[in-house]
Amino acid sequence: MSTPARSERGTHRRLREEVAALHGHLVRYQLVTWTAGNVSARVPGEDLFVIKASGVDYESLDWRGVVVCDLDGNLVDGEHAPSSDTAAHAFVYRSRADVGGQVHTHSPYATAWAARGEPIPCVLTAMADEFGGPIPVGPFAIIGDDSIGRGVVATLQGSRSPAVLMQNHGVFTIGKDARSAVKAAVMTEDVARTVHLSRQHGEPLPIPTDAVDKLYNRYQNVYGQR
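- With an unreviewed UniProt entry as reference, the chain is termed L-ribulose-5-phosphate 4-epimerase, source organism Quadrisphaera granulorum.
- In the Catalytic activity (unreviewed entry) part of its UniProt record, the chain is described as follows: "L-ribulose 5-phosphate = D-xylulose 5-phosphate".

**Side note on the overall build of the chain**
Reasoning step 1: Counting secondary structure elements, the chain contains 7 helices and 8 strands.
Reasoning step 2: Relative to its length of 226 residues, the chain is compact, with a C-alpha radius of gyration of 17 Å against a globular reference of 17 Å.
Reasoning step 3: On the principal axes, the C-alpha backbone points of the chain span a range of 55 × 35 × 30 Å.
Reasoning step 4: Counting only contacts in the chain whose residues sit at least 6 apart along the sequence, the fraction spanning at least 24 positions is 65%.
Reasoning step 5: With an accessible surface of roughly 11,000 Å², the chain has 50% of that area assigned to carbon and sulfur atoms.
Reasoning step 6: Here the chain contributes 22 positive and 25 negative side-chain charges, whose respective centroids are spaced 4 Å apart.

**Focus: helix H5 (residues 147–156)**
The α-helix advances 3.6 residues per turn, and as a result positions three or four apart in sequence lie on the same side.
Reasoning step 1: The buried count for H5 comes to 7 of 10 residues, which makes it a mostly enclosed element.
Reasoning step 2: Listed in full, the buried residues belonging to H5 are Ile 148, Gly 149, Gly 151, Val 152, Val 153, Thr 155 and Leu 156.
Reasoning step 3: In this structure, the buried side of H5 is in contact with helix H2 (86–95), strand E6 (137–138), strand E7 (163–166) and strand E8 (170–175).
Reasoning step 4: After H5 finishes, the residue Gly 158 shows a positive phi value of roughly 80°.

**A look at the side chain of Thr 155**
Reasoning step 1: For Thr 155, the location among the structural elements is in helix H5.
Reasoning step 2: Judged by relative accessible area, Thr 155 falls into the buried class, the value being 18%.
Reasoning step 3: A distance of 2.7 Å separates a polar atom in the side chain of Thr 155 from the backbone oxygen of Gly 151.
Reasoning step 4: Once residues lying within four places of it in the same chain are set aside, the contact partners of Thr 155 are Pro 136, Val 137, Gly 138, Pro 139 and Val 164.

**Notes on the packing of aromatic side chains**
Reasoning step 1: Under the counting rule described, the total for this entry stands at 1 aromatic pair.
Reasoning step 2: Residues Phe 49 and Tyr 93 carry aromatic rings whose centres are separated by 5.1 Å and whose planes lie at 40° to one another, so their mutual orientation is tilted. Pair noted here: Phe 49 is in strand E2 (residues 48–52) and Tyr 93 is in helix H2, with a separation of 44 residues, a long-range link. A single burial state applies to Phe 49 and to Tyr 93, both of which are buried.
Reasoning step 3: The side chain of Lys 52 reaches across the aromatic face of Tyr 58, ending 5.0 Å from its centre.

**A look at the pairing of E8**
Reasoning step 1: With 6 of 6 residues buried, E8 lies mostly within the body of the structure.
Reasoning step 2: Note: E7 against E8, 4 bridges, orientation antiparallel. Each bridged residue has a counterpart across the sheet, and for Met 166 the counterpart in E8 is Gly 170.
Reasoning step 3: The turn linking E7 back onto E8 is made up of 3 residues, and Asn 168 within it adopts a positive phi angle of 65°.

Reading the values: rules and limits
Residues numbered from 1 in each chain as written. Predicted model: local features only at pLDDT ≥ 70, side-chain atom pairs only at ≥ 80, totals over all residues. Heavy atoms only, no water. UniProt positions renumbered as here; feature names shortened; annotations may be inferred. Helix = DSSP H or I, 4+ residues; strand = E, 2+ residues; numbered from the N terminus. Rg over C-alpha atoms; globule rule 2.2 N^0.38 Å. Contact = heavy atoms within 4.5 Å. Areas by Shrake-Rupley, 256 points an atom, 1.4 Å probe, with all protein chains shown as cover. Lys, Arg positive; Asp, Glu negative; His and termini not counted. Charge placed at Lys NZ, Arg CZ, Asp CG, Glu CD. Buried < 20%, exposed > 50% of the residue type's maximum accessible area, 1.4 Å probe, protein only. Polar contact = N/O pair within 3.5 Å; in protein donor to acceptor, adjacent residues only side chain to side chain. Phe/Tyr/Trp six-rings, centres within 6.5 Å; stacked < 30°, edge-to-face > 60°. Lys NZ or Arg CZ within 6 Å of the ring centre and 35° of its normal. Pairing = 2+ DSSP bridges.

This is how it looks when you write it as structure tokens:
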């Protein structure tokens, strides 16, 4: 991954505006601190994605703080350096054609599970609905290259979960688009907190596998407006 001379040409501005706005949910639901965390989105029909620039403050974030990169993580448009997680996002987009958006946070309850290297067990109907089982833990990986992306892809292979807890690091989520990935990040923190609180009073009761399957199928295929 190289970093060419930075210039702003204003390409894919509408998608960049959408992704900039989605970062507001990370702040609203207290999933991030200071400038940490990011949202990215694949550019439909092109081998490109947009991602929050490195170290940009959330209060001042607008479309200019979201840059365009190719699927090797190279900066294509924007005046700022891309996120330090860009190579990880790029690897996921190269490896998973079904992924249209990604989110990374250090949300406190979910990251506490990641620090222990412990999956979040499926003990809530909301977990069965959204994740289709436990939220898995991915391997420890150094930030800056595609190691995190490789861990995300490997861990989620064969899993219905759109979220992975990268050991000693934090939450990475995927979705059909950026909004779906943001929702998964919000739900990850919500269930991480609830299961943690439950464990203060005893061991939570697991949901039987067949019930998890039924709940997941209903939520994914019947729930809501169709």
